[in-house]
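Residue-level structure breakdown
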Amino acid sequence: MNEKTNMGVFPKGFFWGASTSAYQVEGGIANDWAVWELAHAKELALTAHQHYAHLPLWPEIKKQAEDPENYVAGKGVEHFKRYKEDFDLLNKLNLNSFRFGIEWARLEPEEGHWDEAAVAHYHTYIAELRKRGIEPFLNIWHWTVPTWFSDKGGFSKKQNLVHFDRFVKKIADEYAEELTYIITLNEPNVYVANGYLVGEWLPQQKNPLLGMRIYLNLVRAHKRAYRILKAKKDGLQIGVAAQLANIQAKRPHNFFDELSTKVMRYGWNWWFLRRIRKQQDFVGFNYYFTDYYTGLVKRKNPQVPISDMGWYMEPEGIYPLLIRTWAHYKKPIFITENGLADGHDEYRRWWLEESIVAMERVISEGVDLRGYFYWSLLDNFEWNKGWWPKFGLVEVDREHDMKRTIRPSAKWLAARLADWQKL
Ligand code: BGC
């Protein structure tokens, strides 16, 4: 065996999982994003050239990216219907945990009215995971909300938080007894940046002040959720899924590069986590990017290797990030997402292998890393980019009855996990 990995380093009980979000896979969801994408699908298709023509993959994705259908989540990958089949895949991949979302708009389609069939669905869903020996990690909010909530101004108004509290309380009352791990919020920084700074996602604003207000309200939303959940069951382990980047100075010791690195590390990575440090039992973070800063806040990454989406890939960048996260918080850490868009499955195995080696290194240095969730189990709906980016360990052919096929890199991972289980 010439594998670089040494699975023996990972403790028994380490969580090897995959991550999803309801809106990106389930299908048939009516929420604020569904309304927005229908209104913007045509425009996204018409401007696809502007956004993606520079990508090496463009000739291959052009047709799809210029088709408005690409930007509609629609049937998703029918995970809502096929979840048992998908959970069987988790078993096949030798994974022992799964991060998934509960869609608020399904549970509370009208203000104050619970859809009992949807509530029951997620009970069965969790039970089916448990039946297969899979630990459920429930994620409460992954950016989407019911339209009645966004019509009221969503998270921009502090008084609206009572509605989120009610949703959290419902989750606590219904599911707390069936769970140990709950993630309250996914990537508040990405949500605010894309919706209110860059202005590419709904509600497509460039309004930093409003963005800041929402960011603060999300801090509040998390703290309140933490209290509600703990009051129901003290043993719950609660955290967020933050988006952390491995931010580095392009020219170490250059004054300006170091300065922008410091500012960005604090602003992007630590600001939110610091505010909730007393209201989290673990630190959960998603890792995709290493960003090199040069001068004042200008990114200058190497040209290669890049993923299908043009993202510069440095999987081992997770190592310094884990070391720093541990130094800051001294709490158990979960990598709640990590992965790449790679339709030809060219880089995924390499990415996984480098990530595993980086995790081995931090574990041997004493970092309390408890789990790793690959993004994603299935090819899924990549927000305003639609269906062409392929993040799945499992390929989904939406043209042919949503056929699922395990990618070779995933088989490689499954074999490593089988070795680990035997140890
Ligand atoms: C998000 C996912 C998204 C993934 C890839 C993360 O920021 O949580 O919803 O699909 O990145 O872009």
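Reference entry: report on the structure contained in this document. The structure displayed is predicted, hence computed values, not measured ones. (Residues numbered from 1 in each chain as written. Predicted model: local features only at pLDDT ≥ 70, side-chain atom pairs only at ≥ 80, totals over all residues. Heavy atoms only, no water.)

With that out of the way, let us pick up the overall build of the protein chain. The secondary structure content of the protein chain amounts to 15 helices and 11 strands. In terms of overall dimensions, the protein chain is globule-like: its C-alpha atoms have a radius of gyration of 20 Å, near the 22 Å expected for 423 residues. A total of 423 residues make up the protein chain; the buried ones form 61% of that total. Taking all contacts inside the protein chain whose residues are at least 6 apart in sequence as the whole, residues at least 24 apart take part in 78%. (Helix = DSSP H or I, 4+ residues; strand = E, 2+ residues; numbered from the N terminus. Rg over C-alpha atoms; globule rule 2.2 N^0.38 Å. Buried < 20%, exposed > 50% of the residue type's maximum accessible area, 1.4 Å probe, protein only. Contact = heavy atoms within 4.5 Å.)

One finds Trp 16, Phe 155, Phe 164, Tyr 175, Phe 285 and Met 359 to be the most contacted residues of the largest nonpolar core, which totals 140 residues. The greatest single-element share of this core, amounting to nine residues, is contributed by helix α11 (residues 208-232). By size, the runner-up hydrophobic cluster in this structure holds eight residues, among which are Tyr 181, Ile 183, Ala 241 and Phe 334. (Core = buried A, V, L, I, M, F, W, Y, C linked by side-chain atoms within 4.5 Å.)

The next thing to look at is the pattern of salt bridges. Two side chains that carry opposite charge are able to pair once their charged atoms sit near each other. Summed over all chains, the structure comprises 28 salt bridges. For Arg 130, the salt bridge identified is with Glu 135, shortest N-O distance 3.2 Å. Look at Glu 135 and you get buried, because its relative accessible area is 14%. Notably, a salt bridge pairs Arg 224 with Asp 165, separated by 2.6 Å at the nearest N-O pair. (Salt bridge = Lys/Arg side-chain N within 4 Å of Asp/Glu carboxyl O.)

Taken N-terminus to C-terminus, the directions of helix α5 (residues 79-92) and helix α7 (residues 116-131) make an angle of 10°; their axes are 10 Å apart at the nearest point. Accordingly, the angle class assigned to the pair α5 and α7 is roughly parallel. Contacts between α5 and α7 involve His 79, Phe 80, Tyr 83, Lys 84, Phe 87 and Leu 90 from the former and His 121, Thr 124, Tyr 125, Glu 128 and Leu 129 from the latter. (Axes fitted to C-alpha atoms, helices over the stretch in contact; angles between N-to-C directions. Parallel < 35°, antiparallel > 145°, perpendicular 65-115°, else oblique.)

This brings us to the packing of aromatic side chains. This model, assessed by the stated rule, comprises 54 aromatic pairs. Ring plane angle 65° and centroid distance 5.6 Å describe the contact between Tyr 83 and Phe 87, whose orientation is recorded as edge-to-face. Within this pair, Tyr 83 and its partner Phe 87 are both found in helix α5, separated by four residues, close to a single helical turn. Overall, the relative accessible area of 8% leaves Tyr 83 in the buried class. Centroid distance Tyr 288 to Phe 289: 6.2 Å. Interplanar angle 50°. Geometry classified as tilted. Within the aromatic cluster, the residues linked to one another by ring pairs are Trp 104, Trp 141, Trp 148, Phe 149, Phe 155, Phe 164, Phe 167, Tyr 191 and Tyr 196. (Phe/Tyr/Trp six-rings, centres within 6.5 Å; stacked < 30°, edge-to-face > 60°.)

Where helix α13 (residues 318-329) meets helix α14 (residues 348-364), the axes come as close as 9 Å, and the angle between the chain directions of the two elements is 30°. On the basis of their axis angle, the class for α13 and α14 is roughly parallel. In the packing of α13 onto α14, the handedness of the crossing is right-handed. On α14, the residues touching Ile 318, Tyr 319, Leu 322 and Ile 323 of α13 are Ala 358, Met 359, Arg 361 and Val 362. (Left-handed = near helix turned anticlockwise from the far one by under 90°.)

For the rest of this paragraph, the subject is the environment of Tyr 23. Looking at the secondary structure, you find Tyr 23 in helix α1 (residues 22-25). On the accessibility criterion, Tyr 23 (4% relative accessible area) is buried. Remark: the alpha-carbon pair of Tyr 23 and Val 357, spanning 334 residues in sequence, is separated by 32 Å. Those residues in contact with Tyr 23, other than ones at most four positions away along the chain, are Ile 29, Asn 31, Trp 33, Ala 34, Glu 37, Ala 73, Glu 103, Thr 144, Phe 381 and Trp 383. Of the polar contacts made by the side chain of Tyr 23, one reaches the backbone nitrogen of Ala 34; its length is 3.5 Å. (Polar contact = N/O pair within 3.5 Å; in protein donor to acceptor, adjacent residues only side chain to side chain.)

What follows is about the site of the ligand. By nearness alone, 13 residues border the ligand, and Gln 24, His 142, Glu 187, Glu 337 and Glu 382 come closest of all. Note that an oxygen atom of the ligand is positioned 2.9 Å from one of the side-chain N or O atoms of His 142. For the ligand, the protein covers 95% of the area, taking 310 Å² as the surface of the free molecule. Residues belonging to the shell around the ligand are distributed by class as follows: six nonpolar, four polar and three charged. (Near = heavy atom within 4 Å. Areas by Shrake-Rupley, 256 points an atom, 1.4 Å probe, with all protein chains shown as cover. Nonpolar A, V, L, I, M, F, W, Y, C, P; charged D, E, K, R; others polar.)

So, on to the environment of Ala 53. Note that Ala 53 resides in the loop between α3 (48-52) and α4 (58-65). On a C-alpha basis, the gap between Ala 53 and Ala 65 in space is 9.9 Å, while along the polypeptide they are 12 residues apart. With sequence-adjacent residues up to four places away left out, Ala 53 is seen in contact with Ala 48 and Trp 58.

This part takes up the pairing of strand β2 (residues 97-101). For β2, the tally of buried residues reaches five of five residues, placing the bulk of the element in the interior. Every second residue of β2 is oriented toward a common face, with Ser 97, Arg 99 and Gly 101 on one face and Phe 98 and Phe 100 on the other, all of them buried. Looking at chain direction, strand β1 (residues 15-19) and β2 are connected through three bridges and run parallel. In the strand pairing of β2, Ala 18 is matched with Phe 98. (Pairing = 2+ DSSP bridges.)

On to helix α12 (residues 255-275). In this model, α12 (21 residues) spans 28 Å end to end at C-alpha, consistent with the 30 Å of a helix rising 1.5 Å per residue. The axis of α12 is deflected most strongly, by about 45°, at Asn 269. For α12, every residue scored as buried is listed here: Asp 257, Ser 260, Thr 261, Met 264, Asn 269, Trp 270, Trp 271, Phe 272 and Leu 273. Looking at the buried residues of α12, the elements they touch are β4 (181-186), α10 (188-197), α11, β5 (237-249), β6 (283-294) and α13. (Expected span 1.5 Å × (residues − 1). Bend = angle between axes of the 7 residues up to and from the residue.)

Before going further, it helps to spend a moment on a positive patch on the surface. A contiguous patch of positive charge on the surface is contributed by Arg 274, Arg 275, Arg 277 and Lys 278. Among the structural elements, Arg 275 can be located in helix α12. Among the residues examined, Arg 275 registers a relative accessible area of 31% and is labelled partly exposed. (Patch = residues over 30% accessible without salt bridge, like charges linked within 9 Å, V, L, I, M, F, W, Y side chains within 5 Å. Lys, Arg positive; Asp, Glu negative; His and termini not counted. Charge placed at Lys NZ, Arg CZ, Asp CG, Glu CD.)

The next subject is unusual backbone geometry. Here the bond from Leu 202 into Pro 203 is cis, since omega is 5°, no more than 30 degrees from zero. Mapped onto the elements of the fold, Pro 203 is located in the loop between α10 and α11. Of note in the backbone geometry, Trp 143 takes a positive phi value of approximately 80° without being a glycine. Within the secondary structure, Trp 143 sits in the loop between β3 (135-141) and α8 (147-151). The residue Asp 345 is not glycine, and still its phi comes out positive at about 55°. Within the secondary structure layout, Asp 345 lies in the loop between β8 (333-338) and α14. Take Asp 345: its relative accessible area is 15%, and that puts it in the buried class.

Nothing here speaks to function; it is geometry throughout.
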